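Spelled out from the first residue to the last, the chains are:
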Amino acid sequence: MRSTLFVPKITTDDQNITFPGVILYSEIYQVTGPVERLGRRLAGEGYVVLAPDVYHEYETGSMGYSDEAGERGNSLKTEKPLANYDSDAVAAAAWLKDAPECNGRLGTFGVCLG
């Protein structure tokens, strides 16, 4: 599953520091500029942030802001089987929990679709 990772900047010589993780669920347009800014901000507060493309089976990357993209995103949110959202959540949590930067503590944050 295509995802964007945001990691805190380490300002110490101790490279073994780990951070809690956050799965950032995006809007219907997927990971857009505002979602990226939110991911960077959360990383700046000390979280490892994973923002998956929620429609990775159909589209990758930002769909941009347009009427057509809004219609596509709204269509995909009901076209995608509910079980796929669940399996994506499990996969994202497993990946983030095992990421070397993550201390294994996880949370979620969502905007719009999330």
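Since we're looking at a predicted model, the values are computed, not measured.

Participant: Help me understand the nonpolar core, please; the structure alone is not making it clear to me.
Facilitator: Here is a general trend for soluble globular proteins: nonpolar side chains tend to be buried in one another's company. Ranked by size, the top nonpolar core spans 16 residues in total, and within it Ile23, Tyr55 and Leu96 carry the most contacts. Those elements that place two or more of their residues in this core are β2 (19-25), β3 (48-52), α2 (67-79) and α3 (82-98). Here the element with the most residues in this core is β2; it accounts for 3 residues. Apart from the residues within four sequence positions on either side, Tyr55 is in contact with Ile28, Gln30, Met63, Gly73, Leu76, Lys77, Tyr85 and Leu113. Among the nonpolar cores identified, the runner-up in size contains 9 residues, and Phe6, Leu24, Ala43 and Ala51 belong to it.

Participant: Explain the packing of aromatic side chains to me, please; I cannot follow it from the model alone.
Facilitator: Centre-to-centre distance and the angle between the planes together describe a pair of aromatic rings. Summed over the entire model, instances satisfying the criterion amount to 1 aromatic pair. Ring centres of Tyr29 and Tyr65 lie 4.8 Å apart, and the angle between their planes is 65°; on these two criteria the pair is classed as edge-to-face. Of the two residues, Tyr29 is situated in the loop between β2 and α1 (33-44) and Tyr65 in the loop between β3 and α2; the sequence distance between them amounts to 36 residues. Overall, Tyr29 belongs to the buried group, its relative accessible area being 17%.

Participant: Help me out: how do you make sense of the pattern of salt bridges in this one?
Facilitator: Going through the model one piece at a time under the given rule, you end up with 4 salt bridges. In this structure, Glu57 engages Lys80 in a salt bridge whose closest nitrogen and oxygen atoms are separated by 3.3 Å. Remark: Lys80 occurs in the loop between α2 and α3 and Glu57 occurs in the loop between β3 and α2; sequence separation between them is 23 residues. When its relative accessible area of 2% is taken as the criterion, Lys80 is described as buried. With a shortest N-O distance of 2.9 Å, Arg72 and Glu59 are connected by a salt bridge. Taken together, the residues Arg72 in helix α2 and Glu59 in the loop between β3 and α2 connect sequence positions 13 residues apart. Through salt bridges with shared partners, a single network forms among Glu57, Lys80 and Asp88.

Participant: Sorry, what's going on with α2 here?
Facilitator: Residues lying three or four places apart along an α-helix face the same way, a consequence of the helix completing one turn every 3.6 residues. Between its first and last C-alpha atoms α2 spans 18 Å; for 13 residues at 1.5 Å apiece the expected length is 18 Å, and the two agree. Of all the positions in α2, only Ala69, Gly70, Gly73 and Leu76 are classed as buried. Each buried residue of α2 lies within a common arc of 130° when the element is viewed along its axis, so the set occupies one face. Opposite the buried face of α2, by more than 90 degrees, sit the exposed residues Asp67, Glu68, Glu71 and Thr78. At its buried positions, α2 is contacted by α3.

About the criteria used
- Residues numbered from 1 in each chain as written.
- Predicted model: local features only at pLDDT ≥ 70, side-chain atom pairs only at ≥ 80, totals over all residues.
- Heavy atoms only, no water.
- Core = buried A, V, L, I, M, F, W, Y, C linked by side-chain atoms within 4.5 Å.
- Buried < 20%, exposed > 50% of the residue type's maximum accessible area, 1.4 Å probe, protein only.
- Helix = DSSP H or I, 4+ residues; strand = E, 2+ residues; numbered from the N terminus.
- Contact = heavy atoms within 4.5 Å.
- Phe/Tyr/Trp six-rings, centres within 6.5 Å; stacked < 30°, edge-to-face > 60°.
- Salt bridge = Lys/Arg side-chain N within 4 Å of Asp/Glu carboxyl O.
- Expected span 1.5 Å × (residues − 1).
- Arc of directions from axis to C-beta.

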